[in-house]
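Residue-level structure breakdown
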Amino acid sequence: MKQSKMLIPTLREMPSDASVISHALMLRAGYVRQISAGSYTYLPLANRVIEKIKTIIREEFDKIGAVEMLAPAMITSELWKESGRYDTYGDDLFKLKNSEGSEFIMGPTHEETLTAMVRDSVKSYKQLPLTLYQIQAKYRNEKRPRNGLLRTREFIMKDSYSFHADYESLDQGYLDHKAAYERIFDRAGLDYKAIIGDGGAMGGKDSQEFMAITPDRTDLSHWVVLDKSAGSLADLPEDVLESIKAELLRWSVSGEDTIAYSSDSGYAANLEMATDFYKPRNIVVAQEELTKVETPNCKTIDEVAAFLGVDQEQTIKTLLFMADGLPVVALLVGNDQLNDVKFKNYLAADFLEPATDEEARAIFGADFGSLGPVDLAEKVRIVADRRVQDLRNAVAGANENGFHLTGVNPGRDFTAEYVDIREVREGELSPDGQGTLKFARGIEVGHIFKLGTRYTESMNGLVLDENGRAVPMIMGCYGIGVSRLLSAVLEQHARLFVNKTPKGEYRYAWGINFPKELAPYDVHLIEVNSKDEVSNKVTAAIELALQKAGYEVLTDDRNERVGVKFSDSDLIGLPIRVTVGKKAEEGIVEVKIKATGASIEVHADNLIETLSILVQD
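Residues numbered from 1 in each chain as written. Predicted model: local features only at pLDDT ≥ 70, side-chain atom pairs only at ≥ 80, totals over all residues. Heavy atoms only, no water.

What counts is decided by this rule: UniProt positions are given in the numbering used here, feature names are shortened, and annotations may be inferred rather than shown by experiment.
The name given to the protein chain in an unreviewed UniProt entry is Proline--tRNA ligase, and the organism recorded there is Streptococcus ovuberis. Recorded in UniProt under Sequence similarities (unreviewed entry), the annotation for the protein chain is "Belongs to the class-II aminoacyl-tRNA synthetase family. ProS type 1 subfamily." Per its UniProt entry, the protein chain bears the Subunit (unreviewed entry) comment "Homodimer."

Spelled out as structure tokens, the structure:
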């Protein structure tokens, strides 16, 4: 493909309105353009990457017997009302009506659509298992679309749905998808972790998220690619190093999720689902009497602990929530933070909101800061973190403004349900007892769920089993964010390319180092002087030879300065650059490997053989 025929509108500078590297590079390198908030056009280069991602997905899904199809993006609201999600999904739904007043939504996901279709088409367990998938645009009414393709209102997703006659078959389908996802992300060149995830609005029980890890901004060996003229990192002057460090740190850390993982084992989980090692402490001490003490102007855990001269770990934090309209108390030790997702999942609540001041006074007779679990009405449900049960003679609010109770003992003074509802902290022991928990930021690029009968029961998705009984089909649901994957790849494969000018000045600029399987083209063929006849002939011969050898080639035939061509080449990010320059008459060209910055001169006659060796290495 001739670059003069392509639409690649590169920019001279990184755009000031982008806060993460992937967004800025996609704009500067001419991959995408925003049409409206949360809606982007994929320009030719981005579209080629997207199509390569789709190809990898299709190849790996063929291996697990999944069949591609395509459902409508606009869905009748009746299906979502049938499943119950029309009201519970929230404001993220795009809702619309046609001229006749019929209600529709723009599909954010297609569980209901596929369930209805299979329900009407499959009647016997003998037709199962069945796995269907599609790759299409999805729509979610994001209130604050941001960070380029990472948080949009329209995005491209691969979603697949498996239907089974029994749970053993579902387990196998789940494992098949997990293995396929790992192969897809490996081929995409991603550094990722498969972690324990939250089913959320999908209704899944067992689920696993695939998170692309955000590279450490301080790891210069990851970010910097040195031209042979620049030497090594150790050769860079201190002021250049400091400038590079400042450039890296000026970009926001991408990834809206925090991952907790073990330093010494394979344990990894989304922070919303992460847990730590817990072993009940059987402390034997004499139980003190309940004593009400005045604690004027003490509303926080730290203020109460300091006033009474006790450790904050000896206090009970009392929170009040309304779960589906009913009051629920959450108890935590000291300054532990409540994990809202764990709490909501345990309650199996559709809606969970912090209580208002008025609701707290109505239930406790006191304001926040003085609330406690003792002598609450029986109708008030109390859920305590499992660590609370280890406390002896603790401090808690007295349900009277300005007063607290000492000598509070779980079991004697209040009854609660004890579960893990706290948010873990970095450095705590991993739940498997191996190593400590570390935190990293990540971008969710895939998610797999075991849905069970969540949709087939509510939507009457029945088949006849081997005994002739009508039973609900068992489902799995599996998604890959195709457009998010493009952003995740750029976050991990963005690089600062450093060179040293003949005058001894160090310069660096942002560019992309695409993984081989996702690069828009394999080779960037650059003709330094497009007006030179000899150069034209050598370039044309090389282009033809490369194409015959199976390489996808982008030939820069533009009438531009060589500096512009090289700058655009670094931005675009193709793995190999072949330059036809001053030695064209001798048949000598320069080959540069994007990933390392290494370059060599070879004769055009030996180029294909040389490339085969370099690509293999």
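What follows picks up the thread again.
Side note on the domain arrangement of the protein chain
Our working definition: Where each domain starts and ends comes from a domain assignment, either automatic or drawn from a database.
Along its sequence, the protein chain is carved into domain 1 (17–216 + 440–490), domain 2 (291–419) and domain 3 (521–614). A separation of 39 Å is found between the C-alpha centroids of domain 1 and domain 2.

Looking at the sheet that holds strand β19 (residues 394–397)
The condition that has to hold: Strands pair, by our definition, only if DSSP identifies at least two bridges between them. Labels follow the DSSP assignment, with helices taken as runs of H or I lasting at least four residues and strands as runs of E lasting at least two, numbered in each case from the N terminus. To obtain each axis, a line is fitted to C-alpha atoms, and for helices this fit is confined to the stretch in contact; angles are then taken between N-to-C directions over 0 to 180 degrees.
Taking strand neighbours across the sheet as the criterion, the 3 strands line up as β14-β20-β19 in an open arrangement whose pairing is antiparallel. Both outer strands of the open sheet, β14 (291–294) and β19, are each paired with one neighbouring strand and no more. Ignoring strand direction, the axes of neighbouring strands in this sheet form an average angle of 35 degrees. For β14 and strand β20 (residues 403–408), the ladder comprises 4 bridges, and the chain directions are antiparallel. Along β20, the bridge assignment pairs Thr291 with Thr406.

Concerning the environment of Asp227
For clarity, the cut-off: When checking whether two residues touch, look at their non-hydrogen atoms; a contact exists if any pair is within 4.5 Å. Any pair of nitrogen or oxygen atoms within 3.5 Å is treated as a polar contact; in protein, a donor-acceptor pairing is required on top of that, and neighbouring residues in sequence qualify only through side-chain atoms on both sides.
Residue position: Asp227 is located in the loop between β11 (224–226) and α8 (238–249). Along the chain, Asp227 and Phe61 lie 166 residues apart, while their C-alpha atoms are 40 Å from each other. For Asp227, the residues in contact, after removing those within four places along its chain, are Val498, Asn499, Lys592 and Gly597. At 2.8 Å, the side chain of Asp227 forms a polar contact with the side chain of Ser229.

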